[in-house]
Amino acid sequence: MMLDLIIRGNIVMENEVLYGEIGVKEGKIDRIAAVGQLQARSVQDFGQCLIFPGMIDAHVHCFSNPQEGFTTTSASAAVGGLTTILDMPYDLPEPIHSVVQFQKKVQRLEQEALIDIGLWATIAKTEGTPQIGPLAEAGAIAFKMSTFETDPYRFPLIPDSEIMKAMTLIRQTGLRAAFHAENDDIIKSLTEAYQQEGRVDPRAHMETRPPVTETSAVLKLMEFAYWTGVKLHIVHVSHPRTIDLIQIFKGMLVDVTSETCYPYLLLDVHDLEKFGPKAKNNPPLRLPEDAAGMREHQLLGNIDLITSDHAPWGADKKNNGSQNIFHAASGMPGVEIIVPLLFEWAVMNRGISPVVFAKWLSQHPAEIFQIHGKGKIAGGYDADFTVIDPNQTWTIDEHAFRSHSKLSPFHQREVQGRVVQTIVRGTTVYDGHEIKVKPGFGRFIAGSAVKKEVFL
């Protein structure tokens, strides 16, 4: 049979790396074979490069800054080797907590996206739970809530009584309930005290969000999940004790998964002190020993996946914290650098198998969020591939980011391992130099509870 495309190189399969060919037909993986056994209209030979299943970033904010959006974020993501992103619901000015808002966002995605994108949903601070069922049927990939209040409308603290209602309803959909887990009361009290004392230096951001503000919030949520039976996901874990506690609750058969973000593995509080607002995120960068503990948990397989928590703030929102760290927006861009930075750290420097790396950044996100047809290189799956040349070195240049945000504590960092091609459904989106598709190529990925008649 004549195939559309052959991809040749070191193929990262679910359980091994093998040199061979992937046959692609109509955007799907048709078969994997030894070199020379397949015939196709086109062949892309990547030599000794590693061909990974398309990388997935499950935690991205395309619209927390309205100047960013789908086209800009997905272009940046494609350059970074991501074939799929899951976009968070805390859009400005309107969070995605109703079916009407959700459907409008789907329409926009289908016009603007360059890669495939799934959409998170959320609920309003109070009386938002009736929207959970309709949002799930409309195609929400999962639900995101918070125990910390960034903004009472856009990014609210959800009261415990509403969390319990939400968890019960989300369990019925089969989707995951995910949380930004920080203790609002302790943080707000400490922040006020520090500012009254004139402690507004970068390190004060970490000290006003001590580890107990994360662990106490996570403990509460896991206990709620125990009693409601919901599938729980804890986003952006920053401290190893949180993972210790998650392991305990997993042992009690609570279905709880976790993610950390690349800065918590690669940076610590000294980088916050050095770079100030550039390195401010929530939760904050921790002590060096805490970062070491997170790396150890990741290498042991105790953390399910790694995300970027891409937050595309420009200099206008960051630099106003140069004299008072509390005035700077929290978060940093990440979709363009998460894959190569982690590849260098894990595969090149720590000797982690590419097979394990693919699980962190592709297979596990696909499985946890029930993304059909993605996450593996196997027959019948989407022909999504992230191709990395482990022998190329390059230097991160924040000014060259496709994102609106051109500020990174990783600026001028030399990295070994470069994304040389990003392929989505058999089509090259990024060829190592430029974007090759037009807005609208990317598709909406509906969640597992979608009702087709609602989606259509």
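Below is a short write-up of the structure.

## Things to note about the nonpolar core
Here's step 1: Grouped together as the largest cluster of nonpolar side chains are 101 residues, with contacts concentrated most on F143, L342 and F357.
Here's step 2: Take this core: its biggest share by element is eight residues, from helix α13 (residues 338–349).
Here's step 3: Once you skip the residues sitting within four places of it in the chain, F143 turns out to touch W120, A121, T122, I132, L135, A136, I170, L175, R176, A177 and A178.
Here's step 4: Grouped together as the second largest cluster of nonpolar side chains are 16 residues, L5, I22, I29 and A383 included.

## Quick word on the packing of aromatic side chains
Here's step 1: Scanning the model with the defined rule gives 11 aromatic pairs in all.
Here's step 2: With a centroid separation of 6.1 Å and an interplanar angle of 70 degrees, the aromatic rings of F102 and F444 are classed as edge-to-face. With F102 in helix α2 (residues 99–112) and F444 in strand β18 (residues 444–445), the pair connects residues that are 342 residues apart, well separated along the chain. An identical accessibility class is assigned to F102 and F444; each is buried.
Here's step 3: With a centroid separation of 5.3 Å and an interplanar angle of 65 degrees, the aromatic rings of W120 and F369 are classed as edge-to-face. Of this pair, W120 sits in the loop between β9 (116–119) and α3 (132–138) while F369 sits in the loop between α14 (354–368) and β15 (385–395), and the two are 249 residues apart along the sequence.
Here's step 4: The exposure class of W120 is buried, given its relative accessible area of 0%.
Here's step 5: Counting every residue linked through ring pairs, the aromatic cluster contains F52, F343, W345, F357 and W360.

## Points about the sheet that holds β9
Here's step 1: Within the open sheet, the four strands sit side by side as β7-β8-β9-β18. Their pairing is parallel. Looking at which strands have only one partner, the edges of the open sheet turn out to be β7 (55–60) and β18.
Here's step 2: Where β7 lies against strand β8 (residues 82–87), four bridges are found, and the strand directions are parallel. Across the sheet, the residue bridging to D57 is I85, located in β8.
Here's step 3: Docked against the sheet, helix α1 (residues 69–79) engages β7, β8 and β9, running at close to 140 degrees with respect to β8.

## Points about unusual backbone geometry
Here's step 1: The peptide bond linking L92 to P93 adopts the cis configuration, its omega dihedral lying at 10 degrees.
Here's step 2: Relative to the helices and strands, P93 is located in the loop between β8 and α2.
Here's step 3: Here N282 and P283 are connected by a cis peptide whose omega angle stands at -10 degrees.
Here's step 4: The topology assignment puts P283 in the loop between α10 (269–275) and α11 (288–300).
Here's step 5: Look at E127: it is not a glycine, yet its phi comes out positive at around 55 degrees.
Here's step 6: Relative to the assigned elements, E127 resides in the loop between β9 and α3.
Here's step 7: Backbone geometry at D309 places phi at a positive 50 degrees, although glycine is not the residue there.
Here's step 8: Mapped onto the fold, D309 is located in the loop between β14 (305–307) and α12 (315–318).

Quick notes on the rules
Residues numbered from 1 in each chain as written. Predicted model: local features only at pLDDT ≥ 70, side-chain atom pairs only at ≥ 80, totals over all residues. Heavy atoms only, no water. Core = buried A, V, L, I, M, F, W, Y, C linked by side-chain atoms within 4.5 Å. Buried < 20%, exposed > 50% of the residue type's maximum accessible area, 1.4 Å probe, protein only. Helix = DSSP H or I, 4+ residues; strand = E, 2+ residues; numbered from the N terminus. Contact = heavy atoms within 4.5 Å. Phe/Tyr/Trp six-rings, centres within 6.5 Å; stacked < 30°, edge-to-face > 60°. Pairing = 2+ DSSP bridges. Axes fitted to C-alpha atoms, helices over the stretch in contact; angles between N-to-C directions.

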